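Breakdown of the fold
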Amino acid sequence: MIEKNYQPADIETRMARLWEEAGAFKAGRPERRDARPFTVVIPPPNVTGSLHMGHALNNTLQDILCRFERMRGRDVLWQPGTDHAGIATQMVVERQLMERQEPGRRDMGRAKFLERVWQWKAESGGVIVNQLKRLGASCDWSRERFTMDEGLSRAVAKVFVELHREGLIYKDKRLVNWDPKLLTAISDLEVQQIEVKGSLWYLRYPLEGKAFNPEDSSSFIVVATTRPETMLGDTAVAVNPDDERYADLVGKHVILPLVGRKIPIVADEYSDPEKGSGAVKVTPAHDFNDFEVGRRHNLPQISVLDQEGCLALLDNEDYLRGLPEGASQLAEELHGIDRFAARKLIVARLEDFGFLERIEPNTHMVPHGDRSGVVIEPYLTDQWYVDAHTMAQPAIAAVRSGATNFVPKNWEKTYFEWMENIQPWCISRQLWWGHQIPAWYGPDGKVFVAESEEEAVGNALGYYVEQEVITPEQGDEMARDPDKREGFITRDEDVLDTWFSSALWPFSTLGWPDDETDVARHYPTDVLVTGFDIIFFWVARMMMMGMHFMKDVPFPTVYIHALVRDEKGAKMSKSKGNVIDPLHLIDDYGADALRFTLAAMAAQGRDIKLASQRVEGYRNFATKLWNACRFAEMNGCALPVDFDATQATQTLNRWIAHETARATREVTEAIEAYRFNDAAASIYRFVWNVYCDWYLELAKPVLMGEEGAAKSETLAMVAWARDEILKLLHPFMPFITEELWAVTAKRDGLLVLTEWPRKAGLTSDEAVMMATTSPNDGLLPPVLLALDTGDFSDPAAEAEIGWVVDLVTAIRSVRAEMNITPATLTPLVLAGASDETKGRAQRWNDVVRRMARLGEISFADRPPEGAVQLLVRGEVAALPLKGVIDLSAEKARLDKELAKAEADIKRVDAKLGNEKFVANAPDEIVEEEKEKREAAVARKARIIEALERLKNAA
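An account of the accompanying structure is given in this report.

Conventions we followed
- Along each chain, the written sequence defines residue order, and numbers are assigned to residues from 1.
- Confidence filtering applies because this is a predicted model: local features only for residues at pLDDT of at least 70, side-chain atom pairs given and counted only at 80 or more, and all residues used for totals across whole chains, interfaces and linings.
- Each side-chain value is worked out from all heavy atoms of the structure, with water and hydrogens disregarded.
- In this analysis, strands are considered paired if DSSP registers two or more bridges between them.
- Put simply, DSSP H or I for four residues or longer makes a helix, DSSP E for two residues or longer makes a strand, and each gets a number counted from the N terminus.
- To obtain each axis, a line is fitted to C-alpha atoms, and for helices this fit is confined to the stretch in contact; angles are then taken between N-to-C directions over 0 to 180 degrees.
- Helix span, expected: 1.5 Å multiplied by one less than the number of residues in the helix.
- Partly exposed describes any residue whose relative accessible area lies between the buried limit of under 20% and the exposed limit of over 50%, with all areas from a 1.4 Å probe on protein chains only and scaled to the type maximum.
- The directions from the helix axis to the C-beta atoms are what the arc is built from.
- In what follows, residue pairs with any heavy atoms lying within 4.5 Å of each other are defined as contacts.
- Two kinds of site are reported from a 1 Å grid over the protein atoms alone, namely cavities, where a 1.4 Å probe fits but cannot get out, and pockets, open sets with protein on both sides within 12 Å along at least five of seven lines, and residues are called lining when an atom falls within 4 Å of a point.
- Grid points are joined across faces, edges and corners, and a volume is the space filled by probe spheres set on the points.
- When residues are grouped by polarity, Ala, Val, Leu, Ile, Met, Phe, Trp, Tyr, Cys and Pro land in nonpolar, Asp, Glu, Lys and Arg in charged, and all others, Gly among them, in polar.
- Working definition: a ring pair exists when centres of Phe, Tyr or Trp rings (six-membered ring for Trp) sit within 6.5 Å. Plane angles under 30 degrees give stacked, over 60 give edge-to-face, the rest tilted.
- Only Lys NZ and Arg CZ are tested; either one counts as a charge over a ring when it is within 6 Å of the ring centre and within 35 degrees of the ring normal.

Describing the sheet that holds strand β15 (residues 405–407)
Spatially, three strands are ordered β15-β23-β22 in an open sheet, and the strand pairing comes out parallel. Of all the strands in the sheet, just β15 and β22 (528–531) have a single pairing partner and so form its edges. Averaged over all pairs of adjacent strands, the angle between their axes in this sheet comes to 25 degrees, without regard to strand direction. The pairing of β22 with strand β23 (residues 557–561) spans four bridges and is classified as parallel. In the strand pairing of β23, Leu 528 is matched with Val 558.

What follows is the structure, encoded as structure tokens:
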């Protein structure tokens, strides 16, 4: 028996346990071994993570697809797992050590520290997994992977070694995003651009061969910079080749202020004549753009900062080389000073010597580490790189050929822009937690890359014997006795970028390279669901690795979902205090309500504006379903064995069969096309409007009437439609539907494993056969044909009941517009009605009068005077309102409302027509104004329609 009140928390705990005990989510269930696989890999959340709204959206959409395909007979593998999250995890454990007043990482040593990290992972690393289970994620949890488990670690080592052997991984000195606090290179995704109110310093660089005079502009060139502390490392001044002001100076030199170094003036298009003075200082070792300018002009790279962001000038051969005599005094004064303190000293010194022309306020974006919070430094250092340009070519071709498609399609443009301008991928990180780079260095610095230390030792000994550095006998002795070779080769201390192991996720999680059985069955996967922010960092790299090692794309479809923002459209952030915690929403309204909210708002290409009121509204939707099922149960509605809905004889019952088929078709097609919002809207409309508001209301007289064939059929039909609803709604709201499925009838199986609604007349065996075979020689996916739905149709039943629904809806709308009280019963005149309409009016007279609050229904050749006319399915229905309402007063009220709507539109148009407002206002404010306008335009249209009705009634 269904409980009186819907209590989500109680149900969710019970259903989760039921699914787990039944192994409902396991891939390769005995009855599915011959079925076509459907495979999805979860974007692995950080092991340090906690469920946020992005996770909730991403995993809800994946779960909808997996539950949908599981019900369609596919052997579903939703591969779960977590990412080791190098920096984040290392920081968590270091913070824990500090809080407990234990020795720090470096005092502890690498081996002991890594033991503590693994200990932390065992104790606290499962939080995000349990939270995903609360959301209802139907992953095969028995196959959970971790990016640093043994199998994945072997895959990482194999890939590194093979790419290095092919020349696609190499070591190079380039600029990286350097975090001076964490002392490591970080990826662009870990860099946060923050708007800072700073300054723009205009500096005078003396021209070589001219006596510098601050009053004589011909004796110097002015450059503008936001970072005067890096000018010590300048190696050129760049001007635009088309800038006539400096045409005569190109090829000449300036003398670097304070330092005395002679540096050239070069022509380069990077310099913008419209910005600042049109001349820019070039510091290849401290700016990404300058680095490229330096490469184009073969400029020296002089780094003047150390890893901690302090000036490093003494013993800096690159800096000291070529300085005039006595210039080293400055190095002694500034060496070891923090970059920002040095900035003040350098600016003061420039001003003292007349090299500072002026300072202007300058608001600009400054890169900060998203975890350390400090300003990131472009830093010149030796790192390991992947030749991303070469590896990107097959991945680009795969998308161009349609082997992989993005949904929405517009994201392909972003993918191509990134991939076609790709730079070498820095894959080394100066951390301890992560996959240690499988490279060892010999006594002379030679690198030996191997999958294991034993292999590296063997390679090194062979090499040094061949080079006669050691004798064959020494080599044999060192090979036999590890103690003899201790310290002979040392391993690279750096670890790999987390995204390196994540790039292998679609095949490493399936057992590659140790066991490729699952790779053969499940690769390529079917679809990737992810956010747009990691198209480059993750999606593109999985494409590159998949194409290189598997010789096939990792997924034929990439569905890109939008952001979840707050109710005003602002991006959620802790600093703004507008973060919505999905776990709190689950606690308050249930996981099903949150899931349905996210699906209903997941329109392709449109961000979600989330408000708790929306979630509460869909919790009410769940309650509506709960109460409808209780109503059916209390009235004895039950589904007889072998009941065939298509053989119903009652018009009302054939109508609900017709509408169910329509809803099934709409939901199925929408999910197949990744239109989750359309699928949710269709099932919502069907449950709330069609089934609850109309079918059950229209069926009540039959259910409460005399026993007989009509009642028996209706009792069965109510139960049948309810069951179809539970099936269609299950991918969106799994907990409540599974509970209702279990308690509404005695059933052997779980809803999660029950068959998706099929074509009428298609047997279960036929459905399974179609799901396991490939029709049309594999040209069409079997899922599109196998469990197709909605071919049942009864236009006559739809015309009859649809007329009742449309008529009552139209009358209710007018009553609401005209403020007619529920107690006032108005007459209805059907003008010029056809015989068909007259028959319907007579058959449904009592129902229409009760539901539309009518006094009587009559017929006439034409509408009476003073009647509001409604067009219902091509025929006129008139509501005589003279004497019922004051038509002139109602017109005055509507005129007033119309003026207000027009004023609202005018006010918004004035704002949106103001270029300054549109340019300066936050995006969410502009979007909010556009929505206000849309609402006002819709309101105006409704008012004009109501005024037209009054005009006809006058």
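Quick word on helix α1 (residues 8–22)
Between the first and last C-alpha of α1 there are 21 Å, a value that for 15 residues agrees with the 21 Å anticipated at 1.5 Å per step. Turning to α1, its buried residues are Pro 8, Ile 11, Glu 12, Met 15 and Trp 19. End-on, the buried residues of α1 take up no more than an arc of 95 degrees, which puts them together on one face. Exposed side chains of α1 directed beyond 90 degrees from the buried face belong to Ala 9, Asp 10, Thr 13, Glu 20 and Glu 21. Buried residues belonging to α1 abut α2 (53–71), α20 (582–589), α21 (591–600), α22 (612–634) and α26 (734–744). Just downstream of α1, Gly 23 is the residue with a positive phi angle, here 60 degrees.

Comments concerning the environment of Tyr 684
Along the polypeptide, Tyr 684 turns up in helix α24 (residues 676–703). Assessed through its relative accessible area of 26%, Tyr 684 is described here as partly exposed. Taking C-alpha positions, Tyr 684 is 35 Å from Pro 880, a pair spaced 196 residues apart along the chain. With near-sequence residues (within four places) excluded, Tyr 684 lies in contact with Phe 596, Tyr 618, Phe 621 and Asn 689.

Regarding the layout of surface pockets
Approximately 1,300 Å³ is the volume attributed to the second largest pocket. In terms of lining residues, the second largest pocket is bounded by 43 residues, among which Thr 226, Arg 227, Tyr 270, Asp 287 and His 364 are the most central. Elements with a contribution of two residues or more to the lining of the second largest pocket: β7 (191–206), β8 (220–225), β12 (279–282), α8 (288–297), α11 (339–352), β13 (356–369) and β14 (377–386). With nine residues, the top contributor of residues to the lining of the second largest pocket is β7. Looking at side-chain class alone, the lining of the second largest pocket contains 17 nonpolar, 16 polar and 10 charged residues.

What about empty space enclosed by the protein?
For the structure on display, the rule yields four cavities of 30 Å³ or more. Size it by volume and the largest cavity reaches roughly 50 Å³. As for the largest cavity, its lining consists of Trp 803, Leu 807, Leu 830, Ala 831, Ala 833, Thr 837, Val 872, Glu 875, Val 876 and Ala 877. For the lining of the largest cavity, the elements supplying multiple residues, two or more each, are α29 (795–817), β26 (826–831) and β29 (875–880). Per element, the largest residue contribution to the lining of the largest cavity is three residues, and it comes from β29. Among the residues forming the lining of the largest cavity, the class breakdown is eight nonpolar, one polar and one charged.

Concerning the packing of aromatic side chains
Summed over all chains, the structure comprises 41 aromatic pairs. A ring pair is formed by Tyr 684 and Trp 688, whose centres lie 5.7 Å apart and whose planes are at 20 degrees; its orientation type is stacked. Placement of the pair is Tyr 684 and Trp 688 together in helix α24, with a separation of four residues, close to one helical turn. With a relative accessible area of 22%, Trp 688 lands in the partly exposed category. Here a set of aromatic residues connected by ring pairs shows up, and it is made of Phe 596, Tyr 618, Phe 621, Tyr 684, Trp 688 and Phe 732. When the ring centre of Trp 19 is taken as origin, the NZ or CZ atom of Arg 67, which lies over that ring, is 4.5 Å away. Between Lys 446 and the ring centre of Tyr 463, over which it is positioned, the NZ or CZ distance is 4.8 Å.

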